[in-house]
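# Observations on chain architecture
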Amino acid sequence: MIIETVLCQRCKKIDAVLCSRKEYFCPVCFEKFVSLKQRKQMMSDNYFQDIFKVIYGDKLRSVEEASTMNRESRVLVPLSFGSSSLLTLDILHGILKEQFTVHRGTVGFTLDAVTCCRYQEMGEVRRRLHKLRDRYSDSGVEIKFHLIDLDKAFETCNDHIRIVLNDSTFSSRYVALERLQKVSMSDVLKECGGKSAQEDLVTAFTDRIVKDFAQRGNYKAILWGHSMTRLADEVISLVVKGRGAQIADTLNTSDFDESFGGEFKPLYPLRDVLLSEVDALCHLKGLAPLLYKYAPNYSLLLVRPSEADKITPKPKYLPKNMTINGLARKYFDDIEDNYSNVISTVVRTGAKLAPPTCEVDNAPNCTLCRSMIYKDAPGWLQSITENLGHPIEDDADFQLYEAWSKSQLGEVHADYIELTGDFQRRGDDALLCYGCITTVLSSSTKSLVWINSDKQDALDDISRYILTDEED
Ligand SMILES: [Zn+2]
Ligand SMILES: [Zn+2]
């Protein structure tokens, strides 16, 4: 097949390699196009400007003070080895390298990356971390890589609780587990109803670890890799999961994250870049071999890269048992080529949302996901649910009831009644948001083990599980 060459529409000198938003780009101009969008977000307000720019001694501050400020501008990138977080890190590394050269050895910020993964993924992830470290090794600037084993962190945290949901009042109680009782993340997930609920729990835990890590490490900003497409699927998934109240807080980059000590702000530097653009640039920058558990979309490239053959083609029909996030991602993936304006509209509309008015006293945090609770979800659920079963009237009813009681379902139910009674006597109230109530409801025992979020030191020991780049 002969492909007609097209000149890049920006520099008008080099052959174009891809077409995005109806414009042809060469590799150099495309990288500039994307990294300018990232830099624009990073300079979006004074707080972030102060973090990223190189500060010099002047009338206001001494040389020592300036150098301390530069050093204390600590930035954290949660690195999942999807295309977006990988690219975010790579562009940030590029900025550091540029500052190092232009400002003769001085840089404006310190860059760390943290990867959280399940125990069984550690080997693959560690291999990629080493490759990434090698990639940056002769650039003169240092990036610290941290690796956290989610299973270990969960298992060894100090305070586990069991939460039980009352299925007629929808209120919850919790009891602290014995300290010596070992609970693994896999056990918790096994108890959980479906894939969506499992994904939700892993996300809630990862989110918590990353933010906890940021707070303990005195980071000033967490730079999430989310592309515009990924943010759109987050917005829609939150709505579908009944977590719409969290949208405003999730997209808020102007305020400090109060639920974690209020010392850092989140930022989404790639929020103006489409996922297919991120994927294309990852390929052009040679980052594609580092991707993990992620199938990039090369639809923008004019010549299909050889590595694209290794990607399993996306199924034509919806696979069964997809998670809500998976479905939303597939939807936006499908429309990205022709209807990218829908994606930016979803993100822009989401960003305009304000948090709902709080109808609960003292605005508590959810015991499970830690997001703010604005409404009395149990009260609302009670008002729309009929919970009382039909009374037993005759022998036939009675026989059916007897048979059910002796069945596995009946036995699980009897255990459940015993558990709720016990927790009513000795437990404490747990407050759950609507989304987490549905997560707990989906488990067969209507209960699950989690970490006590009231105890700030629950994850104290986590530093033991951080592998820095000195370790091989
Ligand atoms: Zn060009
Ligand atoms: Zn929750």
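Predicted, not measured: the structure shown is a model, and the values here were computed from it. (Residues numbered from 1 in each chain as written. Chains lettered and ligands numbered in written order. Predicted model: local features only at pLDDT ≥ 70, side-chain atom pairs only at ≥ 80, totals over all residues. Heavy atoms only, no water.)

Distances from the zinc ion (ligand 2) to its protein donors, Cys366 (SG), Cys369 (SG), Cys433 (SG) and Cys436 (SG), fall at 2.3 Å. What the four donor atoms of the zinc ion (ligand 2) show is an angle range of 105 to 117° at the metal, which sorts the shape as tetrahedral. Spacing between the donor residues of the zinc ion (ligand 2) along the chain follows C-x2-C-x63-C-x2-C. (Donors = N, O, S within 2.8 Å, 3.2 Å for Na, K, Ca; no water. Tetrahedral: all angles 85-135°; square planar, octahedral: opposite > 155°, others 65-115°.)

A few words now on the nonpolar core. Core analysis: the largest hydrophobic core is formed by 62 residues, its most contacted members being Phe205, Leu368, Leu432 and Trp450. Of the residues forming this core, the biggest block, eight residues, is contributed by helix H8 (residues 195–216). Discounting residues that sit within four places of it in the chain, Leu368 has contacts with Ile163, Leu201, Leu432, Cys436, Val440, Leu448 and Trp450. In this structure, Phe52, Ala113, Leu129 and Phe145 belong to the second largest nonpolar core, which totals 56 residues. (Core = buried A, V, L, I, M, F, W, Y, C linked by side-chain atoms within 4.5 Å. Buried < 20%, exposed > 50% of the residue type's maximum accessible area, 1.4 Å probe, protein only. Helix = DSSP H or I, 4+ residues; strand = E, 2+ residues; numbered from the N terminus. Contact = heavy atoms within 4.5 Å.)

Take the packing of helix H9 (residues 228–240) against helix H12 (residues 324–335) next. H12 packs onto H9 with a crossing angle of 135° between their chain directions and a minimal axis gap of 9 Å. Taken together, H9 and H12 sit at an angle that is classed as oblique. In the packing of H9 onto H12, the handedness of the crossing is right-handed. The residues of H12 that touch H9, namely those facing Thr229, Ala232, Asp233, Glu234, Ile236, Ser237 and Val240, are Ile324, Asn325, Ala328, Arg329 and Phe332. (Axes fitted to C-alpha atoms, helices over the stretch in contact; angles between N-to-C directions. Parallel < 35°, antiparallel > 145°, perpendicular 65-115°, else oblique. Left-handed = near helix turned anticlockwise from the far one by under 90°.)

This brings us to the sheet that holds strand S4 (residues 110–117). If you walk across this open sheet you meet the five strands as S5-S4-S3-S8-S9, and the pairing is parallel. Lying at the two open borders of the sheet, with one neighbouring strand each, are strand S5 (143–149) and strand S9 (265–267). With strand direction ignored, the average angle separating the axes of adjacent strands in the sheet is 25°. Inspection of the sheet shows strand S3 (residues 74–78) paired to S4 by five bridges, in the parallel sense. Within the sheet, the bridge partner assigned to Leu76 lies in S4 and is Asp112. In this fold helix H4 (residues 83–102) packs onto S3, S4, S5 and strand S8 (221–223), with an angle of close to 165° to the strand it touches most, S4. (Pairing = 2+ DSSP bridges.)

A word on unusual backbone geometry. The phi dihedral of Lys12 falls on the positive side, at around 55°, and the residue is not glycine. By the element assignment, Lys12 lies in the segment before strand S1 (18–20). Classification of Lys12 as exposed rests on a relative accessible area of 57%. In this structure, Lys22 takes a positive phi of about 65° despite not being glycine. Position of Lys22 relative to the elements: it lies in the loop between S1 and strand S2 (23–25).

A few words now on the state of the cysteines. Note: disulfide means a covalent bond formed between the sulfur atoms of two cysteine side chains. Enumeration over the complete set of coordinates arrives at zero disulfides. Among the cysteines around Cys192, which has no disulfide bond, Cys436 carries the closest sulfur, lying 10 Å off. The class for Cys192 is buried, based on a relative accessible area of 5%. (Disulfide = S-S within 2.5 Å.)

Summarising the metal site, the zinc ion (ligand 1) is bound by the protein donors Cys8 (SG), Cys11 (SG), Cys26 (SG) and Cys29 (SG), whose distances to it range over 2.3 to 2.4 Å. In this structure, the zinc ion (ligand 1) is coordinated by four donor atoms arranged in tetrahedral fashion, with angles at the metal of 102 to 116°. Within one chain, the residues donating to the zinc ion (ligand 1) are spaced in sequence as C-x2-C-x14-C-x2-C. Taken together, the residues span a long stretch of sequence, with Cys8 in the segment before S1 and Cys29 in helix H1 (residues 27–42) at a distance of 21 residues. Cys29 shares its class with Cys8; the two are buried.

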